[in-house]
Amino acid sequence: MMTRAVVPGSFDPVTYGHLDIIQRARRLFDEVVVAVLENHSKQFLFPVEERVEMLKEVTRDWPGVTVDYFSGLLVTYMKKVSARVIVRGLRALSDYEYELQMALTNHELDEEVETIFLASSAHYSFLSSRMVKEVASMGGKISDFVPPYVEQKLKAKFKERG
Ligand code: PNS
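Residues numbered from 1 in each chain as written. Predicted model: local features only at pLDDT ≥ 70, side-chain atom pairs only at ≥ 80, totals over all residues. Heavy atoms only, no water.

**Considerations on the site of the ligand**
Applied cut-off: The near set for a molecule or strand comprises every residue that places at least one heavy atom within 4 Å of it. What qualifies as a polar contact is a pair of N or O atoms within 3.5 Å, subject to a donor-acceptor requirement within protein and to the restriction that residues adjacent in sequence count only when both atoms come from side chains. Accessibility throughout is a Shrake-Rupley quantity obtained with a 1.4 Å probe, and a residue counts as covered only by protein chains that appear here. Three residue categories are used. Nonpolar comprises Ala, Val, Leu, Ile, Met, Phe, Trp, Tyr, Cys and Pro, charged comprises Asp, Glu, Lys and Arg, and polar comprises the others, including Gly.
Lining the immediate surroundings of the ligand are 13 residues, of which Ser10, Lys42, Leu74, Arg88 and Asn106 lie closest. Take Ser10: an N or O atom from its side chain is 2.5 Å from an oxygen atom of the ligand. One nitrogen or oxygen atom from the main chain of Leu74 is found 2.8 Å from an oxygen atom belonging to the ligand. The fraction of the free accessible surface of the ligand (540 Å²) that becomes covered by protein chains is 77%. Taken together, the residues of the shell around the ligand break down into seven nonpolar, four polar and two charged.

**Thoughts on the packing of aromatic side chains**
The cut-off we apply is this: Each Phe, Tyr or Trp ring, with Trp reduced to its six-membered ring, pairs with another whose centre is within 6.5 Å; inter-plane angles below 30 degrees give stacked pairs, above 60 give edge-to-face pairs, and intermediate values give tilted ones. Whether a charge sits over a ring comes down to the Lys NZ or Arg CZ being within 6 Å of the ring centre and within 35 degrees of the ring normal.
If you walk through the whole model with that rule in mind, you get three aromatic pairs. For the cation-ring pair, Arg51 lies above Phe44, with the distance from its terminal atom to the ring centre recorded as 3.8 Å.

**A short note on the environment of Arg26**
Here is the rule we go by: A run of H or I in DSSP becomes a helix once it reaches four residues, and a run of E becomes a strand once it reaches two; helices and strands are each numbered from the N terminus. Any two residues having at least one pair of non-hydrogen atoms within 4.5 Å are treated as being in contact.
Inspection of the secondary structure assignment puts Arg26 in helix α1 (residues 16-28). Contact partners of Arg26, with chain neighbours within four places excluded, come to Val32, Pro63, Gly64 and Val65.

Pasting the structure below:
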């Protein structure tokens, strides 16, 4: 039986921290679906199409990894793609409360759905899309945080915004 896991997130934009989790999830599961949240009420820098496109580009040569988007409840999406496992990365203790709340809510909504946490690699434990955007918006160096393709997109986005 093929095992399929979903790595959900905002990915605004994808960082090396996310990619580390996706890669490690792929070592544990046959198929990994990266599910990008399309939520119009959240203020994203990149529209969902661009967040998906960046992820597709940087995971292009990764067998068993697909990229999709979802709106509404994650548990509904899990049913749609016939997956039961959610994989999330845990960076620091500060992530834990929010992550536990999400995991418990999702399990309450659908008891078939389980969340597995992977400890973020120490190398990326400080990394967040929010910090990357802040550094990029002020012209700082982000090449250690995101792949070159994403770096270009960020630079273009802030240039276009002026
Ligand atoms: O990268 P993020 O922003 O931490 O990811 C959060 C995400 C997308 C996993 C979470 O907001 C989510 O699953 N949203 C969908 C709405 C939902 O299912 N809510 C109930 C469970 S918290």
